[in-house]
Amino acid sequence: MTQQSSLSSASAVRNDVAEDFVAESRRYCERARRTIGHGASSTPRAAQKPAPLIAERAENAHIYDITGKRFIDYGCGYGPLLLGHSPEPVIQAVQKEMERGLRTASMHRGEAEMGELIAETLPCAEVTCPTNSGSEAAQIALRVARALTGRNKILKFRGLYHGWIDTIQVSGSIGNDGPDSVGQDPGAAASVYSVDWGNIDAVRRTLDKEFAAVILEPTRVNGGCFAPPPGFLDELRQLTKELGIVLIFDEIVTGYRLGLGGAQKLLGVTPDLSLIGKAMAAGFPIGALTGTREAMAPVISGKLRHRGTFNGNPICVAATIACITHLRENEDALYSRMEAQGGELQSFIEAEAKSAGVPMSVSRIGSALQIYLGADSVRTVADLSKVDQKATMDFCGDVLAAGVQLLPRGLMYLCTALTDADIANTKIALSAAIAQTAARAAV
Ligand code: PMP
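These lines cover the structure that appears in this document, whether it is placed above or below. (Residues numbered from 1 in each chain as written. Predicted model: local features only at pLDDT ≥ 70, side-chain atom pairs only at ≥ 80, totals over all residues. Heavy atoms only, no water.)

Quick word on the side chain of Asn-222
With respect to the helices and strands, Asn-222 occurs in the loop between strand S7 (211-216) and helix H7 (232-243). A polar contact is formed between the side chain of Asn-222 and the side chain of Arg-409, at a distance of 2.2 Å. Excluding anything up to four places from it in sequence, Asn-222 contacts Gly-159, Leu-160, Tyr-161, Glu-217, Val-253, Arg-409 and Leu-411. (Helix = DSSP H or I, 4+ residues; strand = E, 2+ residues; numbered from the N terminus. Polar contact = N/O pair within 3.5 Å; in protein donor to acceptor, adjacent residues only side chain to side chain. Contact = heavy atoms within 4.5 Å.)

Here you go:
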């Protein structure tokens, strides 16, 4: 398709979608804000431009909003929907489980099966501790590390997010090494130290034998889609071993998304503990801490009090078993298709932006792409200072108005339900948004 013809089809899509969805969304938001805090169940959802997509239902790679408009979905529920919105094997397993009753006060058959599947797929996993979310997995990981080492300090990396609990929601944005939110216990965050991701010298300067753990996304998806600098993870592994510090990989996003063995298998570095969640259950709410038998000793002994009414609930466990089994049975086909589609979209966006003269960067780690406006090439953490966050959000708003949902800050997650037609229509919407960005810059 020529650029000219792609742009004219794009205008058709835009007009079709944009007209009433913004007005309806604003009406809904006004109503929701009266009884739901900030109008949304998770703060960033309310920030979407030109107006939040208010979902009515979803199917495969598509979301239908309350006006009946269809959007191609690259938000994927903030990552979990690796198999799309209606993955048959998972839904069937969950329906079957629901017929068995909603048991939650007893141990059940599924827990061991899930533990075995995780142990068979993720390199560090020998023993698993199920939670209901990634944030809870981070909470228990820090507790395990402190119990194991008898130390208190934690090292994290600026700009990385490991959940919203007080003890780790720290240094999430550039220029702020403290708590990210009002109302956080400053005491809880005081034992967290932050350095720049990828900077092994800074790590070396900071760490000592008072540190219990280092926590990081081994390959950065939240906050950039950057692969680690060469040697960084190996050195980190060695340094933490020497100092008796627990190395925690946050694979909440990368686990099962980048491959069955997560980033740790792809990169060949095995942590002591790993947080997993999101894609492991295809959209059902679950998280887990998993790790080596040695690192998980405080949990194994029963001395570490880990509690939770809904931990390991049979529905989410059934979803996890079905999801990992499906991924395992179709591993090569599913991951290689997403890799190819991700590469195709990345090349397309880069070429369109270049020909339109729009400064735009696309980085990609497997099925996750990050678009940034304001700079041609954002490849390192230092480059993030060049990013125009507002322009990036405006661009995502233009893409949404053209019928395609990206996450508002420019992150795109692919799912296995995307068809060739979806990819073609996505390109049309992206072209339109790039042309609009170019037009805005020319004014
Ligand atoms: N770690 C990472 C890397 C994440 O992206 C997230 C969620 N966006 C979390 C932890 C927290 O997971 P949850 O939202 O399930 O609490």
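Comments concerning the packing of helix H10 (residues 314-329) against helix H11 (residues 331-356)
At a minimum axis distance of 5 Å, the contact between H10 and H11 shows a crossing angle of 85 degrees. Relative to H11, the element H10 is oriented roughly perpendicular. Here H10 contributes His-326, Leu-327, Arg-328 and Glu-329 to the contact with H11, which in turn contributes Glu-331, Leu-334 and Tyr-335. In terms of residue class, the contact of H10 with H11 is built from three nonpolar, one polar and three charged. (Axes fitted to C-alpha atoms, helices over the stretch in contact; angles between N-to-C directions. Parallel < 35°, antiparallel > 145°, perpendicular 65-115°, else oblique. Nonpolar A, V, L, I, M, F, W, Y, C, P; charged D, E, K, R; others polar.)

Some details on the pairing of strand S4 (residues 127-131)
Burial analysis of S4 places four of its five residues in the buried class, which makes it a mostly covered element. Relative to strand S10 (residues 287-291), S4 runs antiparallel, the two being bridged by five bridges. Note that in S10 the partner of Cys-129 across the bridge is Leu-289. (Buried < 20%, exposed > 50% of the residue type's maximum accessible area, 1.4 Å probe, protein only. Pairing = 2+ DSSP bridges.)

Here we look at the sheet that holds strand S1 (residues 55-59)
Across the sheet, which stays open at both edges, the four strands sit in the order S1-S2-S3-S13 with mixed pairing between neighbours. Each edge of the open sheet carries a strand with a single partner, namely S1 and strand S13 (404-405). Bridge count between S1 and strand S2 (residues 62-65): four bridges; the pairing is antiparallel. Across the sheet, residue Ala-55 finds its bridge partner in S2, namely Asp-65. Where helix H13 (residues 420-442) meets the sheet, it contacts S2, strand S3 (70-73) and S13, and its direction lies at approximately 100 degrees from that of S3.

What to know about the nonpolar core
In this structure, Tyr-74, Met-360, Ile-371, Phe-395 and Leu-406 are the most contacted members of the largest nonpolar core, which totals 41 residues. Looking at this core, the elements with two or more residues in it are H11, strand S11 (360-365), strand S12 (368-373), helix H12 (389-401), strand S14 (411-413) and H13. Element by element, the count of residues in this core is highest for H13, at five residues. Contacts of Tyr-74, omitting those with residues within four sequence positions, involve Leu-345, Val-404, Gln-405, Leu-406, Leu-411, Met-412, Tyr-413, Leu-414, Leu-418, Asp-422, Ile-423 and Thr-426. Membership of the second largest hydrophobic core comes to 30 residues, among which are Ala-281, Ala-288, Ala-319 and Ile-324. (Core = buried A, V, L, I, M, F, W, Y, C linked by side-chain atoms within 4.5 Å.)

Comments concerning the site of the ligand
Near the ligand the following residues occur: Ser-133, Gly-134, Ser-135, Tyr-161, His-162, Gly-163, Glu-217, Asn-222, Asp-250, Ile-252, Val-253 and Lys-278. Asn-222 is positioned with one of its side-chain polar atoms (N or O) 2.4 Å from an oxygen atom of the ligand. Interatomic distance of 2.9 Å between a side-chain N/O atom of Lys-278 and a nitrogen atom of the ligand. Bound to the protein, the ligand loses 82% of the 390 Å² it would expose on its own. Taken together, the residues that form the shell around the ligand break down as three nonpolar, six polar and three charged. (Near = heavy atom within 4 Å. Areas by Shrake-Rupley, 256 points an atom, 1.4 Å probe, with all protein chains shown as cover.)

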